[in-house]
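So you can see what is in the structure, the chains are spelled out below.
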Amino acid sequence: MLPRRRIRRIRKTKPRTLLPALALAVAATAATPTAALATDTAARGQAVSSGWNDYSCKPSAQHPRPVVLVHGTLGNSVDNWLGFAPYLVQRGYCVFSLDYGQLPAVPFFHGLGAVDESAKQLSAYVDRVLAATGAAKVDMVGHSQGGMMPRYYLKFLGGAPKVNALIGIAPTNHGTTLSGLTKLLDYFPGAGDLIAEGAPGLMDQVVDSDFLRRLNEGGDTVPGVRYTVIATKYDEVATPYQAQFLSGPNVRNVLIQDLCATDISEHLAIGLTDGLAFHEAVNALDPDHATPTTCASDD
């Protein structure tokens, strides 16, 4: 039973102010693999046993840096990476993934907390991975919010000396309009505040949010880190897709359709199953041994 104070608040809320919140939640859920995949203890155990999140893994001379995978909004450390983590393990990488942005009483669906607080969780996790592996730096691959949030860690939390490369797959670097759905907020006064109170990680990613203005003020990048953005023009969540791209030195922006015009991956598929995006991400992790990404790069 809800506390009496909470019941009074719900009664005072006009039903129509809930529409944008529901639209944002539905759109974000449709864009993340967690909506279709259930995570349980067995799945997490399987990830460890397959060499993923194995803290006894020691980086090799060929792949000297562990790879930290950063899930997207409403994702988690397993479901978001059921395709890409094994892909990396098979190629000899030490692979780790974290959960961040958890809300109380919301299991499995993470990345909803304030992005700056999530970045603090990432900072602690990187230190844990470096301590376990003995490596000097990590590489990072993030999907959606997970491609943007590490930039706060790099810029404001002292992460740059600990990170060699950041690869963002469909990242929300300059915010999203959710295919225009965020414009509905203008018609429902107070709706943005309602969403921000319950799930601040959503509002932090809306175009022109206070968080994003702070993140991008003074430039998109920090010295010493290589950046790669992998985007699809069919993205329906991180929109417009051009807002994913970064500006600055040591940046490579990739539109997957420039590599294969017939690739029709959208926001979910490019992070979960797209072999071309996986191949391009590995190229970014190991540029000295990169091979061309083509329509045949789906193995």
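Located above this text is the structure these notes cover.
Residues numbered from 1 in each chain as written. Predicted model: local features only at pLDDT ≥ 70, side-chain atom pairs only at ≥ 80, totals over all residues. Heavy atoms only, no water.

Draft legend 1. Representation of unusual backbone geometry. A cis amide bond, omega -10°, links T239 with the succeeding residue P240. For P240, the position within the fold is in the loop between β5 (226–231) and β6 (251–255). One non-glycine residue, F108, lies in positive phi territory at about 75°. Its location among the elements puts F108 in the loop between β2 (95–98) and α5 (115–133). Under the relative-accessibility criterion, F108 is labelled partly exposed at 35%. (Helix = DSSP H or I, 4+ residues; strand = E, 2+ residues; numbered from the N terminus. Buried < 20%, exposed > 50% of the residue type's maximum accessible area, 1.4 Å probe, protein only.)

Draft legend 2. Layout of the state of the cysteines. Applying the stated criterion across every chain, the model contains 2 disulfides. Residue C57 pairs covalently with C94 via a disulfide, S to S 2.0 Å. Residues C57 and C94 share a disulfide whose torsion about the S-S bond is about -80°; that sign makes it left-handed. Of the two residues, C57 sits in the loop between α3 (41–49) and β1 (67–70) while C94 sits in the loop between α4 (84–89) and β2, which places them 37 residues apart along the sequence. C94 matches C57 in its accessibility class, with the two residues each being buried. (Disulfide = S-S within 2.5 Å.)

Draft legend 3. Spatial organisation of the environment of A231. Structurally, A231 is set in strand β5. A relative accessible area of 0% means that A231 is categorised as buried. Separated by 12 residues in sequence, A231 and A243 place their C-alpha atoms 9.8 Å apart. Excluding residues that lie within four positions of it along the chain, A231 makes contacts with Q244, F245, V254, L255, I256, Q257 and I270. (Contact = heavy atoms within 4.5 Å.)

Draft legend 4. Molecular detail of helix α12 (residues 275–285). Taking burial as the measure, the 11 residues of α12 include 11 buried ones, the bulk of the element. Among the residues of α12, G275, L276, A277, F278, H279, E280, A281, V282, N283, A284 and L285 are the ones counted as buried.

Draft legend 5. Local environment of the pattern of salt bridges. Under the defined criterion, the tally for this structure stands at 7 salt bridges. Residue K120 pairs with E117 through a salt bridge whose shortest N-O separation is 3.1 Å. Within this pair, K120 and its partner E117 are both found in helix α5, separated by 3 residues, close to a single helical turn. Residue classification places K120 among the partly exposed residues on the basis of a relative accessible area of 46%. E117 sits in the partly exposed class, given a relative accessible area of 42%. The salt bridge partner of R151 is D220, with a shortest N-O separation of 3.9 Å. Of the two residues, R151 sits in helix α6 (residues 145–156) while D220 sits in the loop between α9 (210–216) and β5, which places them 69 residues apart along the sequence. In terms of burial, R151 and D220 fall into one category: buried. Salt bridges here are not isolated pairs; linked through shared partners, they connect D208, D210 and R213. (Salt bridge = Lys/Arg side-chain N within 4 Å of Asp/Glu carboxyl O.)

Draft legend 6. A look at α6. Counted at 1.5 Å a residue, the expected span for α6 with its 12 residues is 16 Å, and the 17 Å between its end C-alpha atoms agrees. Along α6, 10 of the 12 residues are buried, which leaves the element largely enclosed by surrounding structure. Those residues of α6 not exposed but buried are Q145, G146, G147, M148, M149, P150, R151, Y152, Y153 and L154. The secondary structure elements touched by the buried residues of α6 are β1, α5, β3 (138–143), β4 (163–169), α9 and β5. Count one or two residues on from α6 and you reach G158, which has phi positive near 75°. (Expected span 1.5 Å × (residues − 1).)

Taken by themselves, the reported measurements are silent on function.
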